[in-house]
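Each chain is listed here by its residues.
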Amino acid sequence: MVISALFRKLLRDLVLWRGQIIAIGAVTACGIATFVTMQSNFESMNAALVRYYRDFAFGDIFAHSTRAPNALAHRIAALPAVQNVQTRVVEDVIADLPGRTDLAGIRLIGIPNGKQPSLNRLFLRVGRLPSPTSHDEVAISEAFAQANHLSPGSTIRIVLNGRRDTIRVVGIALSPEYVYEMRGAADIWPDSRHFGIAWMNDSALAAAFDMTGAFNDLTIRLAPGADRSATRERLDRLLAPYGSLGAYGRDEQISDRFVSNELRQLRAQAIAIPLIFLGVAAFLINAALSRLVGTQREQIAILKAFGYGNVTIALHYLTAAVLTVGIGAAAGVPIGWWMGYRLAVIYTNFFRFPHLAFHSEPRIAVVAIAISLLAGALGALWAVRAAVSLPPAEAMRALSPPVFRPTILERAGLSHAFPPMFRMLVRTIERRWVPSLFTVIALSFAVAILFVGRSTFDSVFWMMDVQFNYVSREDATLVFNRTLRSQARLDVAALPGVMEVEPFRSALVRVSNGHRSRRLAVIGVESNHTPALHRIIDRDLREIHLPAHGVVLTKALATILKVRPGSDVTLSFYEGRRPVVRRVVAAVADELVGLNVYMPIDDLQAILHEGPSISGAYVRIDPRREAAFNRAAKTTPEIAGISYRSAALEEFRKTFAESIGISATFILGFALVIAIGVVYNSGRVALSERARDLSTLRILGYSFAYTAVMLVGEQALLTLAAIPIGFLLGLTLDQALQPLYQLEYYRVPIVVAASTYVLSAGGVIVAAAITAALLTNQLYRLDIVAALKVGE
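All figures in this text were calculated on a predicted structure; none of them were measured in a lab.

**Brief notes about the pattern of salt bridges**
Evaluation of the coordinates by the stated rule reveals 26 salt bridges. Of the charged contacts, one joins R542 and D540 as a salt bridge, the two residues approaching to 3.3 Å between their closest N and O atoms. Of the charged contacts in the structure, one is a salt bridge between R583 and D603, with a shortest N-O distance of 3.1 Å. One end of the pair, R583, is in strand β17 (residues 580-589); the other, D603, is in helix α17 (residues 601-607), and 20 residues separate them in sequence. Given a relative accessible area of 16%, R583 falls into the buried group. When salt bridges with common partners are traced through the structure, they connect D60, R221, R228 and R250 into a single cluster.

**Digging into the sheet that holds strand β10 (residues 214-222)**
Ordered in space as β2-β10-β1-β11, the four strands form an open sheet in which the pairing is antiparallel. The open sheet has two free edges, formed respectively by β2 (82-88) and β11 (248-249), since each of these has just one partner strand. As defined by bridge partners, strand β1 (residues 61-69) adjoins β11 across two bridges and the pair is classed as antiparallel. By the bridge assignment, F62 is partnered in β11 with Y248.

**With respect to the environment of L729**
With respect to the helices and strands, the residue L729 is situated in helix α20 (residues 704-737). Overall, the relative accessible area of 22% leaves L729 in the partly exposed class. Setting aside chain neighbours within four positions, we find L729 in contact with S444, F445 and A448.

**Overview of helix α2 (residues 18-55)**
For the α-helix, the turn length of 3.6 residues means that residues three or four positions removed from each other point alike. Relative to the 56 Å expected for 38 residues at 1.5 Å per residue, α2 spans 53 Å between its end C-alpha atoms, a close match to the ideal helical length. For α2, the tally of buried residues reaches 29 of 38 residues, placing the bulk of the element in the interior. At the C-terminal side of α2, A57 shows a positive phi close to 55°.

Cut-offs used in this document
Residues numbered from 1 in each chain as written. Predicted model: local features only at pLDDT ≥ 70, side-chain atom pairs only at ≥ 80, totals over all residues. Heavy atoms only, no water. Salt bridge = Lys/Arg side-chain N within 4 Å of Asp/Glu carboxyl O. Helix = DSSP H or I, 4+ residues; strand = E, 2+ residues; numbered from the N terminus. Buried < 20%, exposed > 50% of the residue type's maximum accessible area, 1.4 Å probe, protein only. Pairing = 2+ DSSP bridges. Contact = heavy atoms within 4.5 Å. Expected span 1.5 Å × (residues − 1).

Below, the structure written as structure tokens:
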């Protein structure tokens, strides 16, 4: 009977406070949905990646050389801990796609004639592998096929070792080597329209490039627990006489590094962002339940007088809190499933798995609900403590009237400068300063989350603007199939439509500081004039001029290596005589994309003991003659690859910006829910606490509009007070969350536009206006007689 009576009271309280319950439940649902979305996507992607690497034999060590005899493969296979070796020929070529005037690059990869390779096996989505005797059949990567509307039966014209040829598509495939399909680390992000992979018979590819009986690329699979570093060193020594570009492990393989970075980011977001929402929910529960206990003093006294113990009463209010967040959790889990599915669909656009099905383990839902219940219980502790500590005799008495004292306006001598209504609002807030403070803090969190969601857009668009308008101002980047004499820049300048040329020389290097190192390409650029196409800039977007014998590192690389201007770094080259030199870090460039090292081109050429030479060029093209430029470039055998700035920008908008944009949109939507929930919860509690005061004003003859202003005016003042605090809190949250968006290959800076301040403040003001309308409606339906029946 005891439990039954309290249960009926609990149901009545839940019905009476249904507005606040919905508001708090909505905030809880946001946190739970975020947790389920990100944690489920992390586990789905991680499971798909592990399964893909295992089932299709992804390699452990990779190496590229100029030309090595096939007989060397037996010596490599005899190295300790080596389980499997797959040698092949890999070459980049220019492609002329049907119906297109611009160029595309294709990486041709040799596979055993008509068979699956033993490592990095292919998953055939459509069609088949090239037949054993064919010389022109290929299977192409799925992303490239979809972006260019290619299918089995399509033909592609290519420039094959200086001569034009045609290849025929017979299959669409995926490879664990290209989950994230990029040409190389110099590219900003995938451009499937202009770069793809094609697998063809190794014998045909070797014959086309005069590589019969030789290979220039290999993959190794190691035994479990093998010493990868020692194996790489032994492999380097074997390949050194054959133009080796240095062996590297899976952790430095471009595709795997991008995917691994994304997984780490997802995992961190799955913890950090839900904590913010659940923290706000716990705060709201504490504020609402504390004030609920204050309005139920007499009921608590009666319960104690009838013999209900402190534990029973504590469990009663704790159950109310747990049910409130439980309702939100029950709604948040399916919302999280839906959001997770939508996010997984986006991931399939640029992470290519044979099967990437969104799957959420029941364990995730259980953990999410348990976290929400814990947040609810923690939020209710203070209120429960207040409820059980009330002696029955004291609780039966009404609260003592507040002590009158001059308000801050009166103490400042400004009381006559404001109308009576405003002074009454200030007096009410001062006398109830603790609940008012809680409301301001909760509203400031709503402003802050709106601020963070919107500033994410500002940061992404700033990054795009800096990269494409300040750093990469060239129209196209040409990459040659080998190092050419510097006179080749004249040949590039002679191409139709070329208005400006800036050559560069890139060389593969391992840059290190102590035990910290990265394998990447050092870029040599001309230092005797200010570049107009591809610039090196500092954090203030000012040009950095290269020193005569120093290097400039991008900020991300300097952070990884723990160096700063004035420090020394070691450059271990993989070309020529493989020299090892030390250079001082002259400056740090604040580039937002990529890990780069810049140095004067003449210093790089001197280190490599070669004359004036270049390996590519940045070019500006007359838009009116772009088609003529593309036609001429197609017939230039030295051009192995080309990338367009406009295509990179478009790809950025389609993939990277879309991914972050959708996440930010979810955060913005959730922030609006928090804003409405906080304002409504505060206003509804204020209405319950001040029902007698407002009813008294009506009895004394004040109009309904006047009493409504007294109610919503208090919320308006608290909202205005919360906005600047919310801005400061938003900046703090931006700083705290920034590491989640700082990956090796791109960094999202903290940028806040003026519109963000306006929109975050405006969002909370709109939420307050909506809530004011709801409260005004409830005030209109208030039973004045019942509100005045309060024991004195």
